[in-house]
Amino acid sequence: MIRDLHDQGLGLMSPGRLRRVASDRLAVKLRLSRQPGSFATTEGLSSASTSTGSAADLSWLRPRRRQSEFMTCRNLILKFYLHSSTVIGLHQQFATLLFFRAFELFHECVCCVQWYPGSVKIITSSGKDGSLRMWDVCKRVVCCEVKPVRENRLTQHHQSPASKIPLVAVASPSAGIPILDLRFGKSPMRLKNTLGPVTYVQWSPTDEHTIASAAESVVLLWDVRVPSKPLLRMDMSNSRTPATTSTSHMGLVNCLEFSLDGRTLISYGTDNAIRMWDTQSGVLSDVNCGSVDNYVRVSVRMALNRGRRMFVPSRHHIRVFDLDTGERVHNLKGHMSDVYCVRYNPHFEMLHSGGRDRNIINWTMQNYKKTGSIGLEVRGRPGGT
Amino acid sequence: MSTHQYVVTAHKPTAVTSCVTGNFTSPTDLNLILAKNNRLEFYVVTPEGLRPLKEICIYGKVCVMKFFRPKTEKKDLLFILTARYNTMILEAIGEGDNLEIKTKAHGNVADKIGKPSESGIIAIIDPESRAIGLRLYDGLFKIIPLENCGELKATSIRMEEIQIQDMEFLHGCPSPTVILIHHDHNGRHIKTHEISLKDKEFVKTPWKQDNIDAEASLIIPVPEPFGGAIIVGQETILYHDGTNYVAVTPPVIRQSTMSCYARVDSNGARYMLGDMSGRLFLLLLEHEEKMDGLQVVKDLKVEVLGEVSIPECITYLDNGVVFIGSRLGDSQLIKLNIKPDSKTNSYISVMETFTNLAPITDMVVVDLEKQGQAQLVTCSGAFKEGSLRIIRNGIGIQEHATIDLQGIKGMWPLKMGPSKEFDNTLVLSFVQQTRVLSLNGDEVSETEIVGFQSDCQSFFCGNVNHNQVLQITSVSARLVSTDSKQLIHEWKPPTEKNISVVACNKLQVLCATGSDLYYLEIGDKIIDQKAHAVLEYEVACLDVSLLDTGTEKASIAAVGLWTDISARILKLPSLDELNKEFLGGEIIPRSILVTCFDGINYLLCALGDGSMYYFNLNKETGILSEKKKVTLGTQPTVLRTFGSSTNSTNVFACSDRPTVIYSSNHKLVFSNVNLKEVNHMCSLHAEAYPDSLALSNDNTMTFGTIDEIQKLHIRTVPLGESPRRIAYQETSQTFGVITMRLDVMKASGLQPARNSASTLSTNTSSSAATMFKGAVTAPALDIGQETEIHNLLVVDQHTFEVHHCHQLMPSEYALSLVSARLGDDPRTYYIVGTALVNPEESEPKAGRIVVFLFEESKLTQVSEKEIKGACYCLIEFNGKLLAAINSTVRLFEWTTERELRLECSHFNNIIALFLKAKGDFILVGDLMRSMTLLQYKTMEGNFEEIARDFHPNWMTAVEIIDDDTFLGGENSYNLFVCQKDR
């Protein structure tokens, strides 16, 4: 770290590289943030409903250098706001600014939320009532509602970050992946032959045409321009001619994630394995992360930082792995029950996690002991990164 | 709060990041173009050297700069890519003063998605100018076709190769073909891709070569007739043209990594290579002609040419002259000789060096001479280019001769006898006495001018028209011939009153006796009284300076009066009052001056308390406008004009804080002079002292020359190793400097890689590793491996000679340095904060704070404190020591047993890197969490966090501007200001 800081001072290391290196090195310093308000619970809110109110998904956004976060629980969508309060005199904390108290209006159970890429006003959500909704955050109303599948359940959805067209892929227990164009609310195409009920879909962060899907234990890679058949079928035996029965995992695949350069697809299954696949060739890489406890039958979400660290929920822990070696470098203990979702926030180098214990936890590298602070007001906008 | 901060650059960037040569301004001019961060400098290469043509500033950081020449053009076009992915093609239009740089085409090639490459931005241009290729993001290659020069639009092509080291276009290919070095877990490989410009695709791979040098990093495309490319690695240099290849492993290149190259011959037979240790090599392609007339490369020869500044870029100009652009040291213009120097064995002679301050890792502001003229001492450069730079603003006077003379009341230079060009006589006026010095070469002797009255004080002496000299005393004005030195004519005021104030130019004289003002004109052997006026009050000061250089007669005069404290403009020759301006206050004007700077006329009026008013003056109507006031000193000020070497007018204000007044950009600039006190001055242009000034204070008279105006003065003290931190200690008159040098493991043990400041010091000491229980054992090094050794140097403030060098433990990094007085202890200590670095740990777990005392040119360790982490910053805080250690800020007390004792700590950071204190407030700069403001509660003895900026800024520096305003620097090259929220 010292060497890197010196190198940055001499111009031998670019700021971006320093950030990645520091983020990787300091990931082992992540700990439960002890700052007041840095963890939120949904207990009080969910008492209105009959459900358990577990935090099923998180999605964060940074509007104007501040940042807010969405979280779902049984039948609510909550917007949290990691903010600097001048009034309360507290630190970066979660404060519930608004929440969607939907009851019958909304899904029976919200499974997935996502900020509309490039907008601070719209979120998309999907739930077990089979509908995909677009919400206006300011007015707290549904602007659009689609039922892409006949069955009454959606497991997960994902909007393409790379495409200029707002395309959303939806995972549902029915075979086939509807791709929705949000401008029309219609499904212009459907990826067929998914080999079973789809548990997870994920768009490539760099290529607008590439999408990965997980159906039971098979991971497929698609080019959306060819909806009839998948581009690649990930085979864990790495054979050249995969048999029709070959699978990617021994169990259910409940999480997929692309690396930031879109070159590697990471899959995580209930066979307690994390596998990394080359998206060009479909070859399974020899990085071995060992056995990672995963028995949750719903989709979970893992996270990557900008460098080489991977954060994987495993029971009530979050395991931190090195992407290159598969070595476990850190373990985050704090949740009291299963962790469902992990999101890394590269701007603040923070980790957010939510789980069945109704808590959202903020993990930070900050070493904290005492409270009492007021904010500083920034005058003039720095040019950014 | 409505205050705003603004930033002004005092010194333009000096680090050369990129350089190119070509015919840019005209088909025949050879131009050198330098990119210095956001500035482009255009030079033309002449037999005399480099002549600057133009400088332009662009809004962006130049990342890549390249020349290319489309087939239809006669001169080169300049392609620039900035760090924010803006591209532009620039063209020079016009010549001489009308030279303009025009943007021919531009466009932004950024993508919203994509991972920026770790190995940086690569931009390449096809040698036949068909396309520009860019590698900005991993796995994507962008192509900008060059057929139509409208907006520059890039098309992306997916690449299989992810980790690309370097890329180039090959010469002599029917369609654009790139060659690249990429690496995977098997090693590094080279590969070529042919591009179809129509389909924007890679169509085929003409050839490839797997498993080349494991550290291959540089591709040099070879032009026709050979074609192909040279691949430079850590150990091997490989030439490959698709079918044949030649590889050599010269042992000389193994020590360092090649970083840049320049082609010498247009046929591609010779290249120059520069490596990271600052050595320059010549690479020669030996070729043979085959039976079928084909030229084939037979062998590669590498020869060391010598040592230069650590190069960032090299370009070959002409006739063996090479420009070495450096970012870590001074850039150089060098000449390659045919025969090596017999002593150094180097083929290089340096023709010119270009001072470069970058990279500045630390600096202190000191006032060494205690004259209110602060100097900046910076830790500049790195590795062998490391140096201290002393940067002085303001104007320096180099003393050439001093004479002890007391009580000088006035000085004037004269040209006596036949001398027309040089002043050969200096008249000095004392109370009741006037003395004449003759300047004969270096010698100064006292002489006499017969026609002068020497038993009384002179108010003015000077050469006037018709080969005459005028002396004005309190009694009369005397006209003396320069040849015979005899009195020609004498004028006395009609009343018996004594002359009190005078002003003169070559033709006109104004004399005041009390409130009577006489206007005289000088003719051949006669002084004519032309006018007389009685003013309201007594005259305090007078001036009849010429405003236009072309005229002989001034049309206006300026007068300052007693009693009503006014400045008046009088018309000449009638002495009618044109305008009057009340200055206000009770301090009388002591010196008044009418002058012209940059075509604008000014009236300057200095008062008895050292302040000065200045106005814009309309010379026709005498109207004064834009009244402004400055304080120049505390004593009565005398204003004198003098010409500088650039022929512009400058004004010297003599007082206890002498100041030079000049104009820059139509604004008056007041610049301090490095002298303590000046009572009188005159410009002197004598044979032995050309373009000099004569200056006097109470005891001495000095002849000196003045520095070039409007420049920062930079002095370099080379260290030969990287300086990291600097601190100034006034009591011992020394600087403490933390430096780092590289030692190489040899068979006999660790040896310094080269001689530098720390190895050449006569007094040395070191921290033995065994003394400290937390010490990390030095890692076992293989022979040839390098390791960093950190030192504390104590350097004399005047001579910059190293008094003492203290070497720290192996693998101990010195990170911070402060000179501080602690508690009631009267002594001032140098305190060093260190970290013991174990490369396997993510963060240092141990370190030391070591207290040193420098006394009687010896450095002794007084105390040391073990800490649990790296001490990134140390400051003195109200007699205590404040340290930033990993994520904590800790306050240490100095006990009577001379030990550091922890008083309190603050925890709310990721890594606290910077500290600044003002009163009880402490500003903490964090690695990635911007700034925090703490207050030390004296009663409770702890810190309270009172403000924080929540933006995720990665800090590189912090400073407290005032109690509410804080300045921060972050690593995306921005400055920002935070204000305390109330």
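Just so it is clear, the model here is predicted, and its values are computed rather than measured. (Residues numbered from 1 in each chain as written. Chains lettered and ligands numbered in written order. Predicted model: local features only at pLDDT ≥ 70, side-chain atom pairs only at ≥ 80, totals over all residues. Heavy atoms only, no water.)

## A look at the overall build of chain A
If you tally the helices and strands in chain A, you get three helices and 30 strands. Burial analysis of chain A (385 residues in total) assigns 62% to the buried set. Across chain A, the fraction of contacts at a sequence separation of at least 24, relative to all contacts at a separation of at least 6, is 50%. Carbon and sulfur atoms form 49% of the exposed surface of chain A, whose accessible area is close to 15300 Å². (Helix = DSSP H or I, 4+ residues; strand = E, 2+ residues; numbered from the N terminus. Buried < 20%, exposed > 50% of the residue type's maximum accessible area, 1.4 Å probe, protein only. Contact = heavy atoms within 4.5 Å. Areas by Shrake-Rupley, 256 points an atom, 1.4 Å probe, with all protein chains shown as cover.)

## Thoughts on the overall build of chain B
A count of helices and strands for chain B gives one helix and 82 strands. On the principal axes, the C-alpha backbone points of chain B span a range of 105 × 80 × 60 Å. Within chain B, buried positions represent 57% of all 982 residues. Here the contacts in chain B between residues at least 6 apart in sequence split such that 47% fall between residues at least 24 apart.

## Concerning the UniProt feature "repeat: WD" (unreviewed entry) in chain A
Feature annotation in UniProt places "repeat: WD" (unreviewed entry) on residues 246-287 and 332-373 of chain A, given in this structure's numbering. Annotated as residues 246-287 of chain A, this span is 0% helix and 40% strand, and its ends, taken at the C-alpha atoms, are 20 Å apart. (UniProt positions renumbered as here; feature names shortened; annotations may be inferred.)

## Focus: the interface of chain A and chain B
A common measure of how large an interface is: the accessible area buried when the components associate. Facing 59 residues of chain A, the contacting portion of chain B comprises 71 residues. Each partner contributes to the roughly 5900 Å² buried at the junction of chain A and chain B, and carbon and sulfur atoms together form 53% of this total. Linking chain A with chain B are five salt bridges. Of all the secondary-structure elements, those providing two or more residues to the side of chain A that touches chain B are helix 1 (2-10), helix 2 (15-26), strand 29 (367-368) and strand 30 (374-379) of chain A. Per-element accounting of the side of chain A that touches chain B gives the leading share, eight residues, to helix 2 of chain A. Of the residues that constitute the side of chain A that touches chain B, the class distribution is 22 nonpolar, 21 polar and 16 charged. (Buried area = accessible area lost by both parts, 1.4 Å probe. Salt bridge = Lys/Arg side-chain N within 4 Å of Asp/Glu carboxyl O. Nonpolar A, V, L, I, M, F, W, Y, C, P; charged D, E, K, R; others polar.)

## Structural notes on the side chain of Q508 of chain B
All names here are of chain B. Turning to its location among the elements, Q508 is positioned in strand 43 (residues 508-513). Within the structure, the side chain of Q508 is placed 2.6 Å from the backbone nitrogen of A554, a separation counted as a polar contact. With near-sequence residues (within four places) excluded, Q508 lies in contact with A503, Y519, L520, V544, L546, E552, K553, A554 and L572. (Polar contact = N/O pair within 3.5 Å; in protein donor to acceptor, adjacent residues only side chain to side chain.)

## Considerations on the packing of aromatic side chains
Residues and elements named next belong to chain B. For the structure on display, the rule yields 17 aromatic pairs over all chains. Considering the side-chain rings of F735 and F800, the 5.6 Å spacing of their centres and the 15° angle between planes classify their relative orientation as stacked. Note that F735 is positioned in strand 63 (residues 734-746) and F800 in the loop between strand 66 (786-796) and strand 67 (802-807), a separation of 65 residues in sequence. Both residues of the pair, F735 and F800, belong to the buried class. Taken together, F24, F42 and F67 form an aromatic cluster joined through their ring pairs. (Phe/Tyr/Trp six-rings, centres within 6.5 Å; stacked < 30°, edge-to-face > 60°.)

## Examining unusual backbone geometry
All names here are of chain B. In this structure, the amide linkage connecting E224 to the following residue, P225, adopts the cis form with an omega of 10°. Tracing the chain through its elements places P225 in the loop between strand 18 (218-221) and strand 19 (229-232). Put simply, L572 and P573 share a cis peptide bond, and its omega is 0°. Mapped onto the fold, P573 is located in the loop between strand 48 (566-571) and strand 49 (576-582).

## Side note on the environment of G150 of chain B
Residue and element names in this part refer to chain B. Relative to the assigned elements, G150 resides in the loop between strand 11 (140-145) and strand 12 (155-158). The exposure class assigned to G150 is partly exposed, which follows from its relative accessible area of 40%. The spacing of G150 and K104 is 46 residues in sequence and 7.8 Å in space, taken between C-alpha atoms. Once you skip the residues sitting within four places of it in the chain, G150 turns out to touch A105 and H106.

## Points about the sheet that holds strand 48 of chain B
Residue and element names in this part refer to chain B. Reading across the sheet, the four strands line up as 46-47-48-49 and stay open at both edges, with antiparallel pairing between neighbours. Every other strand in the sheet has two partners, leaving strand 46 (539-543) and strand 49 as the edge strands with one partner each. Between one strand axis and the next, the sheet turns through 20° on average, direction left out of account. Inspection of the sheet shows strand 48 paired to strand 49 by six bridges, in the antiparallel sense. Across the sheet, the residue bridging to A567 is E581, located in strand 49. (Pairing = 2+ DSSP bridges. Axes fitted to C-alpha atoms, helices over the stretch in contact; angles between N-to-C directions.)

## Focus: empty space enclosed by the protein
As enumerated under the stated definition, the model contains three cavities of 30 Å³ or more in all. Roughly 60 Å³ of internal volume is contained in the largest cavity. Surrounding the largest cavity, S259, L260, D261, L304, N305, G307, R308 and L323 of chain A together with K115 of chain B form its lining. Approximately 40 Å³ is the volume found for the second largest cavity. In this structure, the second largest cavity is lined by Y268, D293, N294, Y295, V296, V300, P313, S314, R315 and V339 of chain A. Tallied by class, residues from the lining of the second largest cavity come to six nonpolar, two polar and two charged. (1 Å grid on protein atoms, 1.4 Å probe; cavity = no way out; pocket = protein on both sides within 12 Å on 5 of 7 lines; lining within 4 Å. Points joined across faces, edges and corners; volume = space filled by probe spheres on them.)

## Some remarks on the nonpolar core
Grouped together as the largest cluster of nonpolar side chains are 34 residues, with contacts concentrated most on I2, F311, I318 and L351 of chain A together with Y872, I911 and L927 of chain B. When contributions to this core are tallied by element, the ones reaching two or more residues are helix 1, helix 2, strand 24 (317-322), strand 26 (339-345) and strand 28 (359-364) of chain A together with strand 68 (812-821) of chain B. Contact partners of Y872 of chain B, with chain neighbours within four places excluded, come to I2 and L5 of chain A together with L815, S816, P844, A884, N886, I911, A912 and L913 of chain B. Counting 30 residues, the second largest nonpolar core, distinct from the first, contains V219, L256, I266 and F321 of chain A. (Core = buried A, V, L, I, M, F, W, Y, C linked by side-chain atoms within 4.5 Å.)

## Here we look at the pairing of strand 28 of chain A
All names here are of chain A. Most of strand 28 is tucked away, with six of its six residues classed as buried. What you see with strand 28 is no split at all: N359, I361 and W363 on one side and I360, N362 and T364 on the other are buried throughout. Relative to strand 28, strand 1 (residues 31-32) is paired through two bridges, and the arrangement is antiparallel. Residue pairing across strands places L32 opposite W363, the latter belonging to strand 28. Here strand 27 (residues 350-355) pairs with strand 28 via four bridges, running antiparallel. Counted as the bridge partner of S353 is I361 from strand 28. Between strand 27 and the antiparallel strand that follows it, strand 28, lie three residues; R358 among them carries a positive phi value of about 70°.

## Observations concerning helix 2 of chain A
Residues that lie three or four places apart on an α-helix share one face, since the helix turns once every 3.6 residues. The terminal C-alpha atoms of helix 2 of chain A lie 16 Å apart, and with 12 residues this matches the ideal 16 Å at 1.5 Å per residue to within 8%. Along helix 2 of chain A, the residues classified as buried are P15, L18, R19, R20, V21, A22, S23, D24 and L26 of chain A. (Expected span 1.5 Å × (residues − 1).)

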